[in-house]
Each structure stands twice: as C-alpha cells, then as structure tokens.
Amino acid sequence: MREHDVIIVGGGLAGCRAALEIKRLAPNTDVAVIAKTHPIRSHSVAAQGGIAATLKNVDPTDTWEAHAFDTVKGSDYLADQDAVAILTQEAPDVLIDLEHLGVLFSRLPDGRIAQRAFGGHSHNRTCYAADKTGHAILHELVNNLRRNNVHLYEEWYVMQLIQEEGEAKGIVVYRIRDGALDVIRAKAVMFATGGYGRVYNTTSNDYASTGDGLAMSAMAGIPLEDMEFVQFHPTGLYPVGVLISEAVRGEGAYLINSEGQRFMETYAPSRMELAPRDITSRAITLEIRAGRGVHPDGSAGGPFVYLDLRHMGREKIMSRIPFAWEEAHRLLGIDAVVEMMPIRPTVHYCMGGIPVNTEGQVRRSPDSLVEGFFSAGECSCVSVHGANRLGSNSLLECVVYGRRTGRTIAQYVQKRKYPEINAELYLQEARKRIQDLLEQTGTIRIGHLRQQFQDCMTEHCGVFRSESVMKEGLEKLQQLKQQYNNIYLDDKDQFWNTELIEALELQSIMMVGEIILTSAYQRKESRGAHSREDYPSRDDGNFLQHTLAYYSSAGIDINYMPVVINMFEPQERKY
Ligand SMILES: Cc1cc2nc3c(=O)[nH]c(=O)nc-3n(C[C@H](O)[C@H](O)[C@H](O)COP(=O)(O)OP(=O)(O)OC[C@H]3O[C@@H](n4cnc5c(N)ncnc54)[C@H](O)[C@@H]3O)c2cc1C
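Note that the structure is a prediction, hence the values are computed from the model and not measured.

Cut-offs applied
- Residues numbered from 1 in each chain as written.
- Predicted model: local features only at pLDDT ≥ 70, side-chain atom pairs only at ≥ 80, totals over all residues.
- Heavy atoms only, no water.
- Helix = DSSP H or I, 4+ residues; strand = E, 2+ residues; numbered from the N terminus.
- Rg over C-alpha atoms; globule rule 2.2 N^0.38 Å.
- Buried < 20%, exposed > 50% of the residue type's maximum accessible area, 1.4 Å probe, protein only.
- Pairing = 2+ DSSP bridges.
- Axes fitted to C-alpha atoms, helices over the stretch in contact; angles between N-to-C directions.
- UniProt positions renumbered as here; feature names shortened; annotations may be inferred.
- Contact = heavy atoms within 4.5 Å.
- Phe/Tyr/Trp six-rings, centres within 6.5 Å; stacked < 30°, edge-to-face > 60°.

Draft legend 1. Layout of the overall build of the protein chain. From N to C terminus, the protein chain includes 16 helices and 22 strands. Here the C-alpha atoms of the protein chain give a radius of gyration of 23 Å, agreeing with the 25 Å that 2.2 N^0.38 yields for 575 residues. Projected onto the principal axes, the alpha-carbon positions of the protein chain cover approximately 65 × 55 × 50 Å. With 575 residues in all, the protein chain has 63% of them scored as buried.

Dropping the structure here:
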C-alpha cells in the first residue's frame, strides 16, 4: 500500500490548481496528483475561447454583480447564488495570479490582458490566449507542480474510491504500463476527474471524458446532483462533432440556415448569435427539423446549418481564432476565410456532478458531508452553472474552486491521521474484476456495445426530451447493460492493455448514462439545457430544486435539495 497526505485524482485545471494551493499554504504536505492520461493531455488543454473575469480592461462599466447576474440568468435560476457570488468576486484575483504564474494571455495594444464578448455575458469580460486558452493555462500549472514537488502518477487508472462508514480513505489504482494494482491511502482524497462527453455519440470532449469519477462516487453511495443538465454546444463541426469555439461568434461570426437567413433573429433578437448555448442549440435543432438545414451537396433539408466567418476577413480570423480555422481546414478541407463551416450541436459539458459545498467538501445528503472527500472542476456540482453554463465560466470555476478546495484541504489534513484500510481486501476485489473481464468468453466487441449505448443516449436524451422517448430509452439501456457480461477482449496482456481500460470506462459510461436519463425522466419541466416537449414551461413551484440521484444495484432513487437564492429573484428568461 502507498500513502500520501493528499491524493488528487485528475491532472486538469481543477486538480492542478488545488495541488498548487496546498503546496503554497502547507509546503510540507505530501501531495500526489494521479491521472489516467499525462496531466497536460487532460481535456482542459483543449479549452479554446477563454476565461471570464471582470478585469474591466475593455469595458470599465463591468462589475462582479453583473457577471453574477448573467451567470444566474444563464443558469435559468438553478445555480446556487452564494457559490456564484464567490465565483465572480474571486475571478479577477485568480486571473492575475495565473498571469503571475506565467500564463501568456492575449493583450490589448496598451499591454493589458485583452477581453472579448461571449454568449450570455452582458459585457466583454472573457480573457483569452488566442483560441488556445486551456493550453496556455494548463502548461503553466503543470510546470508549477513540478517546481513544487508534487508527486505525479502519470497514466494510472483509478478504479475505485475507498469509502467506509461515511469516510473517504483512499483509492484503488491500476498502472496502465504494466497492469500493477495498488491501494493508495490518504488523509484527504479529491476528485477532479472532468466530464462525461463520451456518454453520447457526438461530443467535443476527448476520449478520456468517460465520467469515471462520477461513476466511482455513485458506486460508493454518494449522490450525483443535477445530472439531467447536459450542455449541447451549438457549433460542433459536422460530421465529426469537434468544437468550433464560441469565441468565433464572440468575434462576430453568423449562423445561417439553408435560406441564407441569420435565423437567431427569430429566437433571441437582442443577443442574436451570442444568446446562451441552450437557446442557440435548440434554435439550430428547430431549424434543421423545419427543413431549413443543409445537406453536404448544398441542398436544403439536411442535418447541419452554417457558421459564416467570411465577412470577418483573413487578418482577424488568423489573429483571434486561428485554431478554429485550422480545425475546419484540417478535418474538412474548408478555408473559412472564403467558405462557410457546416455545424450542428455537439455534447460539450456536464453541468451536474458530485455535490459539494463552497469549500469543496463532498455532500452525502443535503445536510451531511463525507469525511475526507473533496471535489472541484467539471466533475463537481457546487452549483455555479445550474441548468445551463455560460461559456468561459468553466475554466473560471476550475481555478476559483480548485484554489478554494486546495485551501480547505491544506487545513483539513493538518489534524488528520492516516486512515486504516484492509488493502488486501480491495486488491482481491480489483484483481477479480480484471481477471473476470480478461477471461470473459462473450461475442460482443466493446466498441460495438459502446456505440449502441451512445446512440441510445443521443436518441433518447438529446436536445429535446419527452416521457415516451425517455421511457423507451431506459428500457433499451437495461438491455444494453445485460450485454456487458457478454463482451470479449482480444488483448489478454498486462502491458498497455488499452482495451481493458476501455472496458472499465464503458462501465462508467453506462452508469452515468443511466443516471442522466433517470434524472431527466423525473424532471417534469423545461429549464436551461433540459427541454421537455411534454412540459415546455419552467415550473418553479415544483422544480426550482436540485436533483440528487442515488445509485444502487437495486435502481436509482431521486431526491431533491433546495437552491440558494439570496441575490436575484427568479424571472422569466428572455434574450
Ligand atoms: C473542446 C473544449 C473547449 C472548451 N473551451 C472552454 C473555454 O474556452 N472556456 C471554458 O471556460 N471552458 C471550456 N471548456 C470546458 C472546460 O475546458 C472544462 O470544463 C475544464 O477544463 C475541465 O477541467 P477539469 O480539471 O475539471 O477536468 P479535465 O481537464 O477534463 O481533467 C480530468 C482529469 O481526470 C483524469 N481522470 C479521469 N478519470 C480518471 C481515472 N479513472 N483515473 C485516473 N485519472 C482520471 C484525466 O486523466 C484528467 O487528467 C471546453 C471544453 C472542451 C471539451
């Protein structure tokens, strides 16, 4: 058995920022970060458009209160407003701190950090490094971990959270390089495992975004909050689903249907292309349904609409959003200076997650906590995004709540002893789980089952939902779950067995998918990203509450938790 004072699962922005904070406040603390990828290959590295903060460099009239209001309105009033106040008040400070760490932000002519427009934000407050913002930030953070002697476990897969009697004690780990199994015990365990885009068949997320941290928490009896709120980003490149950043519209691009019309004037006349993502994704889906989408041959009635950058000119495109141009050129051979890009909504972000308080401590129920367990970043739900996240608020959440959670842990471990664990028991279980998978003599390929599951989620729990469609989806999921016992692995080796990792990840995908669909089925209203055709209105009387889904082998129980409303009373949401 290994041990560290603190073990952080996840080497993205949230995990790295927390580790750095612990080392700053308590340099003698033994901190380890573990990731199934190399840390700088975490999905954070792919973040493009930017990070919001009221620096007032471009718009001196901006305030943190305006940022808070935009965030709460964007969330369709489901965000906890105390958490939003912290997010927006601390934003300028964490941003300047990133700059001092060495992050190379894009500049205004006078040398200050540049800020651009973003969907749902009423002021120009999104800071950026061209359209490679995540890359710029994550590289500096990972460098700083090395400088601060944080122990890095690269390419280790975490299989299980060890939780006994309401206390997190450690994790079970599998070294991908050689198949070694181990237990790591810790005085504090933190999950910063990112999102679950791979639960769906079309996503902007990387291959590692399989929701493992969510599944491991659910398995340990911890509830998952607001999982029905899945963000579809309006502009995924057709057909691959790769993201074309919202910064492209922030810099002035248009959305155009088969009739050449800027159709957002029908759906959000005052914000046009810069309406929040839920509204824009629905608008695109409705245009396509109404026959105003486009086919690859240019005729009407097809599966995508256009993103038009042509009026922006080569110089602006190449200096502000070069990566978007590169992606369309690399993947589809399109020159966006003279041609329009085909786009449609793609699964992008997980608003829900592991419930935490504003100190990053994980909740066991609405009014109790799990000892020794913390979480931040996309896998957590604090909840600053409620039913719909605004662009550039997620990187911000990772650094604000990564820092806060690090601060909490730095104090927490000082008075903790190492927990007692019967490591052999957990190792035996893990060994058996792997052995069973390797020896299984089924006929179904992992890729085939995963595809069927992802297609089912996309078809039955997409941009628009209804009771009958979701009910059918839940029935299909049960059948697909049965087939898991019939999968077959070609690779029986212990070295670099990526097929085995895919089999483990598929378990996470299936569990998370079932929780999403069940939570969505129970929420009989439309709010933010959750849009029910059979309940088209928001129902504050019954559903201005957070969902808490408890997983067990017997099924999923749904409970609810109040929303913190202490600044802005819910209003009708119009743009
Ligand atoms: C293409 C794209 C562009 C985006 N652009 C923006 C943007 O411009 N602005 C913005 O605010 N947000 C953006 N987002 C969202 C934002 O990037 C993410 O929400 C955020 O980076 C998540 O960071 P994280 O630290 O929570 O997790 P991640 O960066 O996803 O890291 C997760 C970590 O957990 C590890 N992990 C997971 N499971 C296991 C396991 N079982 N064992 C071991 N390790 C594990 C992974 O290896 C990884 O290190 C974008 C997202 C995408 C997909």
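Read on, since the account is not over.
Draft legend 2. Local environment of the sheet that holds strand β14 (residues 341-350). Here four strands make up an open sheet; going across it, the order is β11-β14-β13-β12 and the pairing antiparallel. Each edge of the sheet is formed by a strand with only one pairing partner; in this case those strands are β11 (230-237) and β12 (254-256). Shown here is a sheet whose adjacent strand axes are inclined to one another by a mean of 45°, direction ignored. In the sheet, β12 pairs with strand β13 (residues 305-308) via three bridges, with the strands oriented antiparallel. By the bridge assignment, Leu255 is partnered in β13 with Leu307.

Draft legend 3. Quick peek at the UniProt feature "active site" (unreviewed entry) in the protein chain. The feature "active site" (unreviewed entry), as annotated in UniProt, sits at Arg277 in this numbering. Structurally, the position occupied by Arg277 is in helix α8 (residues 277-289). Its relative accessible area of 5% is what places Arg277 among the buried residues. Not counting the four nearest positions on each side in its chain, Arg277 is found in contact with Phe118, Gln231, Phe232, His233, Pro234, Glu246, His348, Asn388, Arg389 and Gly391.

Draft legend 4. Region of the structure containing the pairing of strand β17 (residues 368-375). Strand direction decides the pairing type here: strand β9 (residues 180-191) and β17, joined by three bridges, are parallel. By the bridge assignment for β17, Met190 is matched with Phe374. Relative to β17, strand β16 (residues 361-365) is paired through three bridges, and the arrangement is antiparallel. Across the sheet, residue Gln361 finds its bridge partner in β17, namely Phe374. Joining the antiparallel neighbours β16 and β17 is a turn of two residues.

Draft legend 5. Quick peek at the packing of aromatic side chains. For the structure shown, the criterion picks out nine aromatic pairs. With a centroid separation of 5.2 Å and 70° between ring planes, the pair formed by Phe69 and Phe568 is classed as edge-to-face. Here Phe69, found in helix α2 (residues 64-74), pairs with Phe568, found in the segment after β22 (555-562); they are 499 residues apart in sequence, far enough to count as distant. The exposure class assigned to Phe568 is buried, which follows from its relative accessible area of 17%. Taken together, a centroid distance of 4.9 Å and an interplanar angle of 35° make the contact between Tyr238 and Phe304 tilted. Highlighted residues: Tyr238 in the loop between β11 and α6 (247-250) and Phe304 in the loop between α8 and β13, separated in sequence by 66 residues. Using a relative accessible area of 18% as the deciding quantity, one classes Tyr238 as buried. On the basis of relative accessible area, Phe304 is assigned to the buried category, the value being 4%. Of the aromatic side chains, those joined through ring pairs into one cluster are Tyr238, Phe304 and Tyr306.

Draft legend 6. Fine view of the side chain of Thr405. Residue position: Thr405 is located in helix α11 (residues 394-412). Ignoring anything within four residues of it in the chain, the contact list for Thr405 reads Met190, Glu359, Gly360, Phe374, Ser375 and Ala376.

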